[in-house]
Amino acid sequence: MLGDSRPAHREAVALARSLPGVTPWIVEQGYLRPDLLLCEPWGMGARSTLPDQFRAADSGAAAIPEAPLRPLPASFLRYAALDVLYHGANLAFAWQGYPHYRPQALDPPVREYGGWILKALRRPARAAGARAAMARLGGHTGPVFLYPLQLETDWQLRRDGTGEVQGQILARVLRSFLDHAPPDALLVVKQHPLDNGLARWDRQTRAAAAGSGRVVFLDGGALGEILARARGVVTVNSTVGLAALAEGVAVHALGAAIYGRVGLTHDGTLDGFWHGAPPP
């Protein structure tokens, strides 16, 4: 099954535990970057068995076999076409065989597509805003921190997060940064590239920042360029945390993350993270 947190999947995993000889296998894409599709038994995220198997701090670097990887280039148009075909088939046929099915997504397809249409219409303004934000980042001389937003529909956020909705987490992170980070520090709030734009995180960020010039909202931009400048990353449990660790950037995970362990992520408080958190 794709993911283990959708209600039907959670029931299937629970049922498998009572059936001898049955092992559920969970598949996720992009779960461990880069370009990898991961398949492991019983669960992922907070339920993954990988942290128990991989103890780098105790046994030294693990030997990972080299394999010739041929990454499939990302294509928004391909993803969009597959999504339209999927929902089109459901609208046309699924109601006959599965009339009581309830989707796991927070937004119905029509609302989701409406968000993407509005986002496309705002593309020139979004591109100009991204250029201005990256220029601001490039000219900043003090420490830089990154808070990458996740998708509201992501079960890593919904099941393994903090118990808050993302708007509440955003406000809490900004409040902690403004109250406790060095006065010359800059916080970049980066929107997820596959966000449908309905939540208008740019407006929520500006409202929570209360006019402070120390917070920059970014819809776009290259993650690698930001990490090259970043002193630290605060995340709930995004895979951006893994990318940051690979670059030697300090990470504070607010939720349950597969990489959340002493020696990799910051084990202190969020308020204390802004002042000299050690790299992994």
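See the structure printed just above.
In what follows, the accompanying structure is described.

Rules of the game
Residues numbered from 1 in each chain as written. Predicted model: local features only at pLDDT ≥ 70, side-chain atom pairs only at ≥ 80, totals over all residues. Heavy atoms only, no water. Helix = DSSP H or I, 4+ residues; strand = E, 2+ residues; numbered from the N terminus. Rg over C-alpha atoms; globule rule 2.2 N^0.38 Å. Buried < 20%, exposed > 50% of the residue type's maximum accessible area, 1.4 Å probe, protein only. Contact = heavy atoms within 4.5 Å. Areas by Shrake-Rupley, 256 points an atom, 1.4 Å probe, with all protein chains shown as cover. Lys, Arg positive; Asp, Glu negative; His and termini not counted. Charge placed at Lys NZ, Arg CZ, Asp CG, Glu CD. Phe/Tyr/Trp six-rings, centres within 6.5 Å; stacked < 30°, edge-to-face > 60°. Lys NZ or Arg CZ within 6 Å of the ring centre and 35° of its normal. Pairing = 2+ DSSP bridges. Axes fitted to C-alpha atoms, helices over the stretch in contact; angles between N-to-C directions. Core = buried A, V, L, I, M, F, W, Y, C linked by side-chain atoms within 4.5 Å. Right-handed = clockwise from strand over helix to strand, strands pointing away. Salt bridge = Lys/Arg side-chain N within 4 Å of Asp/Glu carboxyl O.

### Concerning the overall build of the chain
Line of reasoning, step 1. Counting its secondary structure elements, the chain contains 12 helices and seven strands.
Line of reasoning, step 2. Here the C-alpha radius of gyration of the chain, 20 Å, is about what a compact globule of 280 residues would show, namely 19 Å.
Line of reasoning, step 3. Along the three orthogonal principal directions, the C-alpha set of the chain runs to about 60 × 55 × 40 Å.
Line of reasoning, step 4. By residue count, 36% of the 280 residues in the chain fall in the buried class.
Line of reasoning, step 5. Sequence-distant contacts in the chain: of pairs separated by 6 or more residues, those separated by 24 or more amount to 64%.
Line of reasoning, step 6. When the accessible surface of the chain is split by element, carbon and sulfur atoms take 61% of a total near 16100 Å².
Line of reasoning, step 7. Measuring between centres, the 28 positive side-chain charges of the chain sit 6 Å from its 24 negative side-chain charges.

### Here's the deal with the packing of aromatic side chains
Line of reasoning, step 1. Under the counting rule described, the total for this entry stands at six aromatic pairs.
Line of reasoning, step 2. Seen in terms of ring centroids, Phe177 and Trp274 are 5.2 Å apart; in terms of plane orientation they differ by 75°. Their pairing is edge-to-face. Of this pair, Phe177 sits in helix α8 (residues 166–180) while Trp274 is found in the segment after α12 (270–273), placing the two residues 97 residues apart along the sequence.
Line of reasoning, step 3. Among the aromatic residues, ring-to-ring pairing joins Phe145, Phe177, Phe273 and Trp274 into one connected group.
Line of reasoning, step 4. Its guanidinium or amino end placed over the ring of Trp155, Arg158 lies 3.8 Å from that ring's centre, counting from NZ or CZ.

### Details of the environment of Leu170
Line of reasoning, step 1. With respect to the helices and strands, the residue Leu170 is situated in helix α8.
Line of reasoning, step 2. Among the residues examined, Leu170 registers a relative accessible area of 1% and is labelled buried.
Line of reasoning, step 3. A sequence separation of 37 residues divides Leu170 from Ala133, and the C-alpha atoms of the two residues are 18 Å apart.
Line of reasoning, step 4. Sequence-distant contacts of Leu170, defined by excluding residues within four places in its chain, comprise Tyr147, Leu149, Val189, Trp201, Gln204 and Thr205.

### Points about the sheet that holds strand β6 (residues 230–235)
Line of reasoning, step 1. An order of β5-β4-β3-β6-β7 is seen for the five strands of this open sheet, with the pairing classed as parallel. Edge positions in the sheet fall to β5 (215–218) and β7 (250–253), since each has one partner strand and no second. The mean angle between the axes of side-by-side strands here comes to 20°, regardless of whether they run parallel or antiparallel.
Line of reasoning, step 2. Direction of pairing for β6 relative to β7: parallel, over a ladder of four bridges. Its bridge partner being in β7, Gly232 is matched across the sheet by Ala250.
Line of reasoning, step 3. Sheet strands touched by helix α6 (residues 123–138): β3 (144–148), β4 (186–190) and β5. Its angle to β5, the strand with the most contacts, is close to 140°.

### Overview of the nonpolar core
Line of reasoning, step 1. Counting residues in each nonpolar core, the largest one holds 29 residues, and the members touching the most others are Leu137, Leu146, Leu218, Val233 and Tyr259.
Line of reasoning, step 2. Mapped onto this core, the elements with two or more residues apiece are α6, β3, β4, β5, α10 (223–229), β6, α11 (240–246) and β7.
Line of reasoning, step 3. With near-sequence residues (within four places) excluded, Leu218 lies in contact with Ala130, Ala133, Met134, Val188, Val189, Lys190, Gln191 and Ile226.
Line of reasoning, step 4. Core analysis: the second largest hydrophobic core is formed by 25 residues, Tyr147, Leu157, Val189 and Leu254 among them.

### Considerations on the pairing of β3
Line of reasoning, step 1. β3 sits mainly inside the fold: five of its five residues count as buried.
Line of reasoning, step 2. Residues Val144, Leu146 and Pro148 point to one face of β3 and Phe145 and Tyr147 to the other, with burial holding for every one of them.
Line of reasoning, step 3. By the bridge criterion, five bridges tie β3 to β4 in an arrangement that is parallel. For Leu146, the partnering residue across the bridge sits in β4 and is Val188.
Line of reasoning, step 4. Sheet analysis places β3 next to β6, joined by three bridges and oriented parallel. Residue pairing in the sheet places Val144 in a bridge with Ala230 of β6.

### Overview of the pairing of β6
Line of reasoning, step 1. Among the six residues in β6, five count as buried, and that is most of the element.
Line of reasoning, step 2. For the segment spanning β6, α11 and β7, crossover handedness is right-handed.

### Quick look at the pattern of salt bridges
Line of reasoning, step 1. In this structure the tally under the stated criterion is seven salt bridges.
Line of reasoning, step 2. Taking the shortest distance from any N to any O, the salt bridge between Arg111 and Asp107 comes out at 3.0 Å.
Line of reasoning, step 3. Given a relative accessible area of 45%, Arg111 falls into the partly exposed group.
Line of reasoning, step 4. For Asp202, the salt bridge identified is with Arg200, shortest N-O distance 2.8 Å.
Line of reasoning, step 5. The network of salt bridges with shared partners includes Asp4, Arg47 and Asp160.

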